[in-house]
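Chain by chain, the residues:
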Amino acid sequence: MNEYKYQSAIILSLAFHFGWLLSFPFYGPVLQVFTVKNSVDGLSNLPLIFVFCHAVFFIFGGIFLRDIYIWKKVMLTSLTVIILFNIVFIFLDSTILLIFMGIMGALSSVYILGWSCLYSMCIPFNNKIKTMAAIIIISNAVFVLINWLSTYLSSIQLLTVAILPLIASMVILVKIPELLKLEIKPAKNTKKDDSPLPLPKTLIIFCIFVAGLFLNGGFMYNIMLPSFEGELPFFKNYTYLPYILVLLIIFKLSSKIKYYLLVYMGVTLLGMSFVSFALLGDNIVGLFLTHTLVESSFAFLDLFVWVALGNLAFIYGAPYQLFGYVLGVMVSSIFAGNIIGSQIFQIGETHRLIMAVFAATAIFLTHLVIPWLNKRINSDFTTMVAVTMEDETLAEEKDIFDILLGQLLPGENLTPREKEVTKLILKGLKNKEIAEQLFISDNTLKSHLRNIYPKFGVTQKRELLSIALNIKKYKN
């Protein structure tokens, strides 16, 4: 299966699922129309039940799922049951609806965790930003379409339409057999004594960091959005435009963006949005600016979390644990921020100051955590590469080097010296060791590296090595 085809399948298999998620159970327009037109007691709790079970089963999945090779069964089984539950949803009474909604929340988490194996292990580092940006853009396009249809269709018609993205995901999994034939193998991540590399000690700190960021998301939904809806008559048509536009820009420039810059941009815009809300929230211009900044910030932040998780999961060969714990914390934080935000809103105008303090805290945490996290990821990746190459170096397999040359961007070629440098990189040598073997200075080597990386569409050694490791994995 060619790389483009399986990447497209990986993108669409989650994009359509996310489109269903946003349109229906996650406070989506389908559920809103169904709740309004079917006045049954308890329906208002349906999204809360879904979000709660969604968060809990992310964490359960992180605890209990271990075998990376069962990703196919995980995705197909969970998706099949979700589709069946959607079909019978309209015929159930309120008590059964609550149970079904909880089960769908749990199974949606399981499906995403199965997919995380594909994303982490099959998508090279240099393509993770572009891949995830494409997924979020497509899923939001599905959501916008169904949101528009919600004005014209009945609840039964909308529920029928909402099933279509799920069926599309199933068709992609079943009708592209090469995708299901992919044998996902984690990189060799054992030490010399054959004990597995531990999950990063940074995981707890990363979870706390994500919790702090996405608490602000909950505040946004309970404090900012009501202000927008009350003051901006065109809000419904404008609401998702900044988010999608920012993602389109990132998608276009993905090869030039380092993943950790996403979070710096995100928290900066988030801080500016809270300042704008505190100072200018009493007029339409201020609300318009605030909303644009908020949506733009979460485009960066959402993308950062998924890319960082994909990178870490590739390094440690543990997508279930990393995605399960962190996504569980993220959804829980949005849920908690929703509740806390509604309480803050009741205390009067002081809520603006409190929001600004939370934003300032998020910015402070980012500048404290991200440099350290990035340094740790680079260090752990280097260790993983060294372990993987311990018995057999990538450079010793001529086919891999030749295939890697095929990954050069159109019109690009390596000079003889750049080929020598690249082969030594594939042996896992550090920059100092490469310079010594080639009898060149560190500055000369850095100059060669600055020329080599853009020719492969990467920005650093880690990304180039991840491409080579993927080639090795699927060649074997």
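A.B. asks: Account for the overall build of the chain, with residues named and values stated.
C.D. replies: Check the secondary structure of the chain and you find 20 helices and 0 strands. Out of the 476 residues belonging to the chain, those deemed buried represent 56%. Restricting to contacts in the chain with at least 6 residues of sequence separation, those with at least 24 account for 83%. With an accessible surface of roughly 20,500 Å², the chain has 65% of that area assigned to carbon and sulfur atoms.

A.B. asks: Any details on the nonpolar core? Residues and values, ideally.
C.D. replies: By size, the foremost hydrophobic cluster in this structure holds 114 residues, and its most contacted members are Trp115, Met132, Leu303 and Phe304. The biggest single contributor to this core is helix H13 (residues 284-316), with 18 residues. In this view, Met132 contacts Leu14, Phe18, Trp115, Tyr119, Leu303, Trp306 and Val307; residues no more than four positions away in its chain are not counted. Judged by nonpolar contacts, the second largest core, of 23 residues, contains Leu408, Ala435, Ile440 and Phe456.

A.B. asks: So, empty space enclosed by the protein: which residues are in play, and what are the values?
C.D. replies: This model, assessed by the stated rule, comprises 1 cavity of 30 Å³ or more. Looking at the largest cavity, its volume works out to about 100 Å³. If you trace the largest cavity, you find 14 residues lining it, with Phe125, Asn126, Ile129, Ile257 and Glu463 closest to the centre. Listing elements by their share of the lining of the largest cavity, those giving two or more residues are helix H6 (125-149), H13 and helix H20 (461-475). In terms of residues, the lining of the largest cavity owes the most to one element, H6, which gives 3 residues. Broken down by class, the residue content of the lining of the largest cavity amounts to 5 nonpolar, 6 polar and 3 charged.

A.B. asks: Report on a nonpolar patch on the surface, specifying residues and quantitative values.
C.D. replies: Taken together, the side chains of Phe57, Phe60, Ile63 and Phe64 define a hydrophobic patch exposed on the protein surface, amounting to about 400 Å² of accessible area. As for its placement among the helices and strands, Phe57 is situated in helix H3 (residues 46-64). For Phe57, a relative accessible area of 33% puts it in the partly exposed group.

A.B. asks: Kindly report on the packing of H6 against H13, identifying the contributing residues and their values.
C.D. replies: Viewed as axis vectors pointing N to C, H6 and H13 meet at an angle of 140°, and their least axial separation amounts to 9 Å. In this view, H6 runs oblique relative to H13, as classed from their interaxial angle. In this structure, H6 crosses over H13, and the sense of that crossing is right-handed. Every residue of H13 that contacts H6 at Phe125, Lys128, Ile129, Met132, Ala133 and Ile136 is listed here: Asp302, Leu303, Trp306, Val307, Gly310, Asn311, Phe314 and Ile315.

A.B. asks: Could you give me a rundown of the environment of Val56, with the residues and numbers involved?
C.D. replies: Here Val56 shows up in helix H3. Along the chain, Val56 and Ser109 lie 53 residues apart, while their C-alpha atoms are 8.8 Å from each other.

A.B. asks: Any chance you could break down the packing of aromatic side chains for me, citing the residues and the numbers?
C.D. replies: Using the criterion set out here, one finds 15 aromatic pairs in the structure. Each ring, one from Phe60 and one from Phe64, has its centre 6.2 Å from the other, and the planes form 75°; the classification is edge-to-face. Taken together, the positions of Phe60 and Phe64, both in helix H3 and 4 residues apart, correspond to about one turn of that helix. When the centroid spacing of 4.0 Å and the interplanar angle of 15° are considered together, the rings of Phe85 and Phe100 count as stacked. With Phe85 in helix H4 (residues 71-88) and Phe100 in helix H5 (residues 94-122), the pair connects residues that are 15 residues apart, well separated along the chain. Among the residues examined, Phe100 registers a relative accessible area of 16% and is labelled buried. Positioned above the aromatic ring of Tyr119, the side-chain terminus of Lys128 is 5.6 Å from the ring centre.

A.B. asks: Any details on helix H7 (residues 155-175)? Residues and values, ideally.
C.D. replies: In this model H7 runs 30 Å from its N-terminal to its C-terminal C-alpha over 21 residues, within 8% of the 30 Å that 1.5 Å per residue would give. Those residues of H7 that fall on the buried side of the exposure criterion are Ser155, Leu158, Leu159, Val161, Ala162, Ile163, Pro165, Leu166, Ser169, Met170, Ile172 and Leu173.

A.B. asks: Would you mind going over the side chain of Ser109 in detail, with residue names and values included?
C.D. replies: Along the polypeptide, Ser109 turns up in helix H5. Under the relative-accessibility criterion, Ser109 is labelled buried at 0%. A polar contact is formed between the side chain of Ser109 and the backbone oxygen of His54, at a distance of 2.6 Å. Beyond its immediate chain neighbours, meaning those up to four positions away, Ser109 contacts Cys53, His54, Phe57 and Phe58.

A.B. asks: Outline unusual backbone geometry, supporting the account with residue identities and numerical values.
C.D. replies: Even without a glycine there, the phi angle at Tyr27 is positive, about 60°. Along the polypeptide, Tyr27 turns up in the loop between helix H1 (3-23) and helix H2 (29-37). Backbone geometry at Phe439 places phi at a positive 55°, although glycine is not the residue there. As for its position among the elements, Phe439 is in the loop between helix H18 (431-438) and helix H19 (442-456).

A.B. asks: A description of the pattern of salt bridges should follow, citing residues and the corresponding values.
C.D. replies: Taken as a whole, this structure holds 2 salt bridges when the rule is applied. Among the ionic pairs, Arg417 bridges to Glu420, the shortest N-O distance being 2.9 Å. Remark: Glu420 and Arg417 occur in helix H17 (residues 416-426); sequence separation between them is 3 residues, near one turn of the helix. For Arg417, a relative accessible area of 30% gives the class partly exposed. Residue Glu420 is classed as partly exposed on the basis of its relative accessible area of 38%. As a salt-bridge pair, Glu418 and Lys455 come within 2.8 Å of each other at their nearest N and O atoms. Within this pair, whereas Glu418 is found in helix H17, its partner Lys455 is found in helix H19, the two being separated by 37 residues in sequence. Judged on exposure class, the residue Glu418 and its partner Lys455 are both buried.

Rules behind the numbers
- Residues numbered from 1 in each chain as written.
- Predicted model: local features only at pLDDT ≥ 70, side-chain atom pairs only at ≥ 80, totals over all residues.
- Heavy atoms only, no water.
- Helix = DSSP H or I, 4+ residues; strand = E, 2+ residues; numbered from the N terminus.
- Buried < 20%, exposed > 50% of the residue type's maximum accessible area, 1.4 Å probe, protein only.
- Contact = heavy atoms within 4.5 Å.
- Areas by Shrake-Rupley, 256 points an atom, 1.4 Å probe, with all protein chains shown as cover.
- Core = buried A, V, L, I, M, F, W, Y, C linked by side-chain atoms within 4.5 Å.
- 1 Å grid on protein atoms, 1.4 Å probe; cavity = no way out; pocket = protein on both sides within 12 Å on 5 of 7 lines; lining within 4 Å.
- Points joined across faces, edges and corners; volume = space filled by probe spheres on them.
- Nonpolar A, V, L, I, M, F, W, Y, C, P; charged D, E, K, R; others polar.
- Patch = residues over 30% accessible without salt bridge, like charges linked within 9 Å, V, L, I, M, F, W, Y side chains within 5 Å.
- Salt bridge = Lys/Arg side-chain N within 4 Å of Asp/Glu carboxyl O.
- Axes fitted to C-alpha atoms, helices over the stretch in contact; angles between N-to-C directions.
- Parallel < 35°, antiparallel > 145°, perpendicular 65-115°, else oblique.
- Left-handed = near helix turned anticlockwise from the far one by under 90°.
- Phe/Tyr/Trp six-rings, centres within 6.5 Å; stacked < 30°, edge-to-face > 60°.
- Lys NZ or Arg CZ within 6 Å of the ring centre and 35° of its normal.
- Expected span 1.5 Å × (residues − 1).
- Polar contact = N/O pair within 3.5 Å; in protein donor to acceptor, adjacent residues only side chain to side chain.

Read these as geometric descriptors, not functional statements.
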